[in-house]
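The chain contents come next:
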Amino acid sequence: KGLLLGWNPTLAVGLAILLTVGIGLIFGAVASRSYGIYFLMLTLTYSVIAYLFVSQVPQVGGFSPIAGVDEYTPGFIGDVVNDRQRLYYVALGVAIVAYGLVRYLVRTPFGISLQGIRDEPLRMASLGYNVALHRTLAFGVGAIVAAVGGVLFAWWSGQLSPSNIGLQATIELLVIAVIGGLARIEGAWLGAFAFIVINNEV
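Values in this document were obtained by computation on a predicted structure and should not be read as measured data. (Residues numbered from 1 in each chain as written. Predicted model: local features only at pLDDT ≥ 70, side-chain atom pairs only at ≥ 80, totals over all residues. Heavy atoms only, no water.)

Novice: What's the story with the pattern of salt bridges in this structure? I'm lost.
Specialist: In a structure, side chains of opposite charge can pair up when their charged atoms sit close to one another. Under the criterion given, the structure shown has 4 salt bridges. Arg 118 is the salt-bridge partner of Asp 119, the closest N and O atoms lying 2.9 Å from each other. Measuring nitrogen to oxygen at the nearest pair gives 3.6 Å for the salt bridge that ties Glu 186 to Arg 184. Given the relative accessible area of 56%, Arg 184 is considered exposed. Counted as one network, the salt bridges with shared partners bring together Arg 103, Arg 184 and Glu 186. (Salt bridge = Lys/Arg side-chain N within 4 Å of Asp/Glu carboxyl O. Buried < 20%, exposed > 50% of the residue type's maximum accessible area, 1.4 Å probe, protein only.)

Structure representation (structure tokens):
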């Protein structure tokens, strides 16, 4: 499968992130002109399409998972198979950097315009903002965070299977959003933390 291509792990991680951002921009461009419940349904449809594609193409998955992914980490990450604490601190550092970047982004003119488009897209369009373009770029920014999170998840679980991107995973994301709330940036982290605790302990 994909592990047999013989790529350098650092190159593979970079290409995975670029590919994910490209797919995010394409999906964002398609969804950028829909609103309300239609926007939500379209994003749920994306997960179903991705699941069906990955589960039917053996080179990128199929019904048998791709195992041993955690053995192919870049040199600067180190051995995450035998040193799980290393992966924990890498993930913690990435989460802090991601939080800082998102916190910075929402204070920029681009971030403020995204907030306006989220709340009043018609009013922002009447002010001259290209709502579809801003929404597409927002998908791209989200895809960057999702791509890095996906790489970390692959190293943590050690394998990739279609269920990782199936409808169940999307529903879990919605549950995290509901728990953490959508009003503040910290809600994503608090919701994820609460969901993991509830999922593991309760």
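On we go.
Novice: I keep staring at the layout of surface pockets and nothing clicks. Help me out?
Specialist: The computed volume of the second largest pocket comes to approximately 160 Å³. If you trace the second largest pocket, you find it lined by Thr 10, Val 13, Ile 17, Pro 74, Phe 76, Ile 77, Val 90, Val 94, Val 148, Val 151, Leu 152 and Trp 155. When contributions to the lining of the second largest pocket are tallied by element, the ones reaching two or more residues are α1 (9-31), α3 (84-105) and α6 (131-157). Ranked by residues supplied to the lining of the second largest pocket, first place goes to α6 with 4 residues. (1 Å grid on protein atoms, 1.4 Å probe; cavity = no way out; pocket = protein on both sides within 12 Å on 5 of 7 lines; lining within 4 Å. Points joined across faces, edges and corners; volume = space filled by probe spheres on them. Helix = DSSP H or I, 4+ residues; strand = E, 2+ residues; numbered from the N terminus.)

Novice: Whenever I open this one, the packing of helix α7 (residues 167-180) against helix α8 (residues 186-201) confuses me. Can you help?
Specialist: The relative placement of two packed helices is expressed as an angle between their axes plus a distance between the axes. Following both chains from N to C, one finds α7 and α8 inclined at 115°, their axes separated by 7 Å at the closest point. For the element pair α7 / α8, the angle class is roughly perpendicular. Crossing handedness for the pair α7 and α8: right-handed. For the pair formed by α7 and α8, the contact residues are Glu 172, Val 175, Ile 176, Ile 179 and Gly 180 on the first element and Gly 187, Ala 188, Gly 191, Ala 192, Ala 194 and Phe 195 on the second. Of the residues contributing to the contact of α7 with α8, the split by class is 7 nonpolar, 3 polar and 1 charged. (Axes fitted to C-alpha atoms, helices over the stretch in contact; angles between N-to-C directions. Parallel < 35°, antiparallel > 145°, perpendicular 65-115°, else oblique. Left-handed = near helix turned anticlockwise from the far one by under 90°. Contact = heavy atoms within 4.5 Å. Nonpolar A, V, L, I, M, F, W, Y, C, P; charged D, E, K, R; others polar.)

Novice: What's the story with the packing of helix α4 (residues 109-119) against α6 in this structure? I'm lost.
Specialist: Between α4 and α6, whose axes approach to 10 Å, the crossing angle comes to 115°. Relative to α6, the element α4 lies roughly perpendicular. Regarding α4 and α6, the two cross each other, and that crossing is left-handed. Judged by residue contacts, Phe 110, Ser 113, Leu 114 and Ile 117 of α4 engage Val 131, His 134, Arg 135, Leu 137, Ala 138 and Val 141 from α6.

Novice: What am I meant to see in the packing of aromatic side chains here?
Specialist: Two descriptors summarise a pair of aromatic rings, namely the distance from one centre to the other and the angle between the planes of the rings. Tallied over the full model, the rule gives 4 aromatic pairs. Ring geometry for Tyr 88 versus Tyr 89: centroids 5.1 Å apart, planes at 75°, classification edge-to-face. Like Tyr 88, the residue Tyr 89 is exposed in the burial classification. Their ring planes at 85° and their centres at 5.3 Å tell us that Tyr 99 and Trp 189 sit as a pair that is edge-to-face. Of this pair, Tyr 99 sits in helix α3 while Trp 189 sits in helix α8, and the two are 90 residues apart along the sequence. Residue classification places Trp 189 among the partly exposed positions, given a relative accessible area of 33%. (Phe/Tyr/Trp six-rings, centres within 6.5 Å; stacked < 30°, edge-to-face > 60°.)

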